[in-house]
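# Results of the structural survey
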Amino acid sequence: MLVPGTGNIPRFPHAARGANHGFKLSCHDISFKFKTLEDYNFKKQLSLAKTMTYNSIHFEKYPPGHAHQSAMLFGNSRLPSLRGQVADLGCAECTLLSRLKFCSCIEVLVGVDTNLELLKEKMYRLSPLPCEYLQPRASMLTVSLYHGSAAVKDSRMLDCDFVSCIELIEHLDPPELERFPEVVFGYINPAVVVITTPNADFNPLLPGIMRFRHWDHRFEWSRAEFQAWTLNIGSKYGYRVEFTGVGKGPPGTEQFGFCTQISIFLRQLSRTTQIETKNSETLYKLVYEVVYPSLKDKKILQDVVLNEVIYAAECVRRHLIDSHPDDDEAENWSQNERTSVQAEDVPENASSKPKSSETVKVCRIGGKLHIPLINLFSVPKVQQLSGSLQQLQEILRATDRVVLSACGSSVLYPAYDDSSYN
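Residues numbered from 1 in each chain as written. Predicted model: local features only at pLDDT ≥ 70, side-chain atom pairs only at ≥ 80, totals over all residues. Heavy atoms only, no water.

All right, on to the confidence of the model for the chain then. Per-chain confidence: the chain averages 75 in pLDDT, with 68% of residues scoring 70 or above. The low-confidence segment residues 1-65 (pLDDT under 50) makes 149 contacts with residues lying over four places distant or belonging to another chain. (pLDDT = per-residue confidence, 0-100. Contact = heavy atoms within 4.5 Å.)

Taken as a whole and assessed by the stated rule, the structure comprises 10 aromatic pairs. For the ring pair Phe185 and Phe265, a centre distance of 4.6 Å and an interplane angle of 55° mean the geometry is tilted. Residue Phe185 is located in helix 6 (residues 174-188), and its partner Phe265 is located in strand 12 (residues 260-267); the two are separated by 80 residues in the primary sequence. On the basis of relative accessible area, Phe185 is assigned to the buried category, the value being 1%. Among the aromatic side chains, those forming a connected cluster through ring pairs are Phe180, Phe219, Trp221, Phe226 and Trp229. (Phe/Tyr/Trp six-rings, centres within 6.5 Å; stacked < 30°, edge-to-face > 60°. Helix = DSSP H or I, 4+ residues; strand = E, 2+ residues; numbered from the N terminus. Buried < 20%, exposed > 50% of the residue type's maximum accessible area, 1.4 Å probe, protein only.)

The subject of this paragraph is the packing of helix 6 against helix 7 (residues 223-237). Axis separation between helix 6 and helix 7 bottoms out at 11 Å; the angle between their running directions is 45°. On the basis of their axis angle, the class for helix 6 and helix 7 is oblique. Crossing angle aside, the handedness with which helix 6 passes helix 7 is right-handed. Where helix 6 approaches helix 7, its residues Leu177, Phe180, Pro181, Glu182, Phe185 and Gly186 are matched on the opposing element by Trp229, Ile233 and Tyr237. (Axes fitted to C-alpha atoms, helices over the stretch in contact; angles between N-to-C directions. Parallel < 35°, antiparallel > 145°, perpendicular 65-115°, else oblique. Left-handed = near helix turned anticlockwise from the far one by under 90°.)

Moving on: the pairing of strand 6 (residues 85-89). Judged by how many residues are buried, strand 6 sits mostly within the fold: five of five residues are covered. Of the two faces of strand 6, the one lined by Gln85, Ala87 and Leu89 and the one lined by Val86 and Asp88 are each fully buried. Here strand 6 runs beside strand 7 (residues 108-113); their pairing, made up of five bridges, is parallel. The partner of Ala87 across the bridge, within strand 7, is Val110. Each parallel crossover has a hand, and for strand 6 linked through helix 3 (residues 95-100) to strand 7 it is right-handed. The sheet contact formed by strand 6 and strand 9 (residues 160-166) spans five bridges and is parallel. Within the sheet, the bridge partner assigned to Gln85 lies in strand 9 and is Cys160. (Pairing = 2+ DSSP bridges. Right-handed = clockwise from strand over helix to strand, strands pointing away.)

Turning our attention to the pattern of salt bridges. Under the criterion given, the structure shown has 11 salt bridges. Residue Glu242 pairs with Arg240 through a salt bridge whose shortest N-O separation is 2.7 Å. Residue Arg318 pairs with Glu314 through a salt bridge whose shortest N-O separation is 3.0 Å. With Arg318 and Glu314 both in helix 8 (residues 298-323) and four residues apart, this pair spans about one turn of that helix. Overlapping salt bridges bring together Asp173, Asp216 and Arg218 as one network. (Salt bridge = Lys/Arg side-chain N within 4 Å of Asp/Glu carboxyl O.)

This is how it looks when you write it as structure tokens:
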């Protein structure tokens, strides 16, 4: 069972994992706790699935898209140490990629599929959200979609640390299926590979299934067939293999296994060196690529710091107006006073709440407030973003949105409403 943890991301509606032990995934702004497969309830977890009734027994018709989360999240436990490239071969509607983009430990996401029309239709699911411009990521993220086959080598895939093949292999023709292991395990050679495919043993429990679950399936393997194919690959290319699945049948049908069977490949040796490497021919066609806003971009970092500084300065100005509405001669303010008003006006967990209680004068000279830079640097968010008082000063000197005093020790902020600081 998936238990959403803390983090400013949408909660996954359903997912599962497999293994004989529990673990917790934590990637900065994403945190989930998983229990064992025995705790996984197929009917309850796939809340968005279609319900079917057969002989008075309710089944969940397992939609292919739902396997995207459940299969990949098992491998996500290893993602914090895999800061390279994550690829989804056979990405189809980009469901998995649209969720993985919220994991801050991933820096490159790649999707590959043979259906060009579907890629063009669904690629905008991977566009940055408005909130991702307002609160940029700390790390870089580039998302790329390619039109191509998982059975074809492309040198742009050589940096992959994690590869998922969700409900893919059963769509491959025999020649492609034969080339597939060499491309994924021999050529790309990632640290982790996750492969899912329908369990043919489970098909008798699904009403209306005459042969295969989908018209485009070339085959559907039993557990014995899938495990034999998987173990042979692991032995040949140096991978340890773990088996699991998602989707239990009703009580009394345990002998049929899971609706979808999953194999997790863990590379045992260091990555093989490819002689052809980056100079190889790139056969995939780039369909879509987007670079997410990130604090690694100096311009974006500067804008975010400026917004935080202006907000903090506005808190000072509002405090002055609220406390001295009729006193035009009030000239000096202590940092203690400013701190107390911010603590009242700003939510308790707000990032801009000052943490210093030192008394530092804030002066009003004419129509300008002279706010010491040290006061602004005491705001935790400003301190976190700028790193040092000197760096903060350099950022403010490089912009015309904020005016510094001649010596650079204070920000000159309008004592009254001024649209120039918007």
